[in-house]
Amino acid sequence: MDFPQRLIDGYGAFLSERLPREQSRFHALAETGQRPEIMVIGCSDSRVSPEVIFDARPGELFVVRNVANIVPPFAPDGQAHGVSAALEFGVGALKVKHIVVLGHAQCGGVKAFAENAEPLSPGDFIGNWMKLMAPAADKVLRTGLSPADYLTRLEWANIANSLDSLLTFPGLAKLIEHGTVRTHGAYFGVATGELSVLDKASGQFRPVAAEAHARAFQAPRF
Ligand SMILES: [Zn+2]
């Protein structure tokens, strides 16, 4: 059997630690179904797991992840659209109240776009996918920015662009307009552990739980 040993070990830890704590919750969720109030659209990056960052329990987050947390615009063309399908289910069936687009620092997809990276395969799927963030890139001036700062601005703009794309879905746009569904942009600093949230009025990302973050980094590590 070549199933990764790391996963078997991790499952063993889950059985001995988390499952006993969550067993009644799993039972209830199995009987009543899931009713998460929050949908997260995040990046596939292995360092940015929404369940880890938000310390989520089973049934709390409805998550869709893809390269660079992109929401493609509404396109009822009969083709297969993964994010649209997840939105349809999250909003239409689960009736989530919040949609969070979670971006992050050092995003490989954004970097590939910024550097116009060579295709990794003849299909150039990343290249074609990342073209969806072109409207975001158009809003970011490169002049005067260091390469690192430019990437950060692009990562922020890409989150805002995904939020804008949510508004291209007519039914969802109405729910957002009425306040039935609220949308949020968030940005996770992989190295710093800092979470900031988009303030739509100013267009700036502002740290949340800043005191707790400062405490976590001041606390002795031993
Ligand atoms: Zn990423």
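See the structure printed just above.
Residues numbered from 1 in each chain as written. Predicted model: local features only at pLDDT ≥ 70, side-chain atom pairs only at ≥ 80, totals over all residues. Heavy atoms only, no water.

Caption draft 1: Layout of the coordination of the zinc ion. Listed as protein donors to the zinc ion are C43 (SG), H104 (NE2) and C107 (SG); their distances from the metal cover 2.0 to 2.3 Å. Residue C43 is classed as buried on the basis of its relative accessible area, which comes to 5%. (Donors = N, O, S within 2.8 Å, 3.2 Å for Na, K, Ca; no water. Buried < 20%, exposed > 50% of the residue type's maximum accessible area, 1.4 Å probe, protein only.)

Caption draft 2: Just the nonpolar core, in detail. Counting 24 residues, the largest nonpolar core has M39, I41, V71, L87, I99, L166 and L172 as the members making the most contacts within it. Going through the elements one at a time, β1 (38-43), β2 (61-66), α3 (82-93), β3 (98-104), α7 (147-166) and α8 (170-177) are the ones with two or more residues in this core. Sort the elements by how many residues they give to this core and α3 lands first, with 4 residues. In this structure V71 touches I41, V83, L87, S162, S165, L166 and F169, once residues within four positions along its chain are discounted. Core analysis: the second largest hydrophobic core is formed by 16 residues, A68, A137, L145 and L151 among them. (Core = buried A, V, L, I, M, F, W, Y, C linked by side-chain atoms within 4.5 Å. Helix = DSSP H or I, 4+ residues; strand = E, 2+ residues; numbered from the N terminus. Contact = heavy atoms within 4.5 Å.)

Caption draft 3: Main features of the packing of aromatic side chains. Counted under the stated rule, the structure contains 7 aromatic pairs. Taken together, a centroid distance of 5.9 Å and an interplanar angle of 50 degrees make the contact between F62 and F89 tilted. Note that F62 is positioned in strand β2 and F89 in helix α3, a separation of 27 residues in sequence. Relative accessible area serves as the criterion here: at 14%, F62 is assigned to the buried category. (Phe/Tyr/Trp six-rings, centres within 6.5 Å; stacked < 30°, edge-to-face > 60°.)

Caption draft 4: Structural view of the pairing of β3. Within β3, 6 of the 7 residues are buried, which leaves the element mostly enclosed by the surrounding structure. Pairing analysis gives 7 bridges linking β3 to strand β4 (residues 182-188), with the strands arranged parallel. Residue H98 lies in a different strand from β4, and its bridge partner there is R182. (Pairing = 2+ DSSP bridges.)

Caption draft 5: Expanded view of unusual backbone geometry. Even without a glycine there, the phi angle at A68 is positive, about 70 degrees. Inspection of the secondary structure assignment puts A68 in the loop between β2 and α3.

Caption draft 6: A look at helix α1 (residues 5-32). Its 28 residues place the ends of α1 only 33 Å apart at the C-alpha level, less than the 40 Å of an ideal helix rising 1.5 Å per residue. Directly after α1, the chain includes G33, whose backbone phi takes a positive value near 85 degrees. (Expected span 1.5 Å × (residues − 1).)

Caption draft 7: Seen up close, the sheet that holds β1. The mixed open sheet is built from 6 strands, whose spatial order is β2-β1-β3-β4-β5-β6. Of all strands in the sheet, those with a lone pairing partner are β2 and β6 (204-207), marking the two edges. Here the strands of the sheet are splayed against their neighbours by 30 degrees on average, with no regard to which way each runs. Pairing analysis gives 4 bridges linking strand β5 (residues 195-199) to β6, with the strands arranged antiparallel. Counterpart to D199 in the pairing with β6 is Q204. The sheet contacts of α3 involve β1, β2 and β3, and relative to β2 the element is tilted by about 170 degrees. (Axes fitted to C-alpha atoms, helices over the stretch in contact; angles between N-to-C directions.)

Caption draft 8: Structural view of the side chain of N66. Here N66 lies in strand β2. Apart from residues lying up to four places away in sequence, N66 is in contact with G42, C43, S44, V83 and W129.

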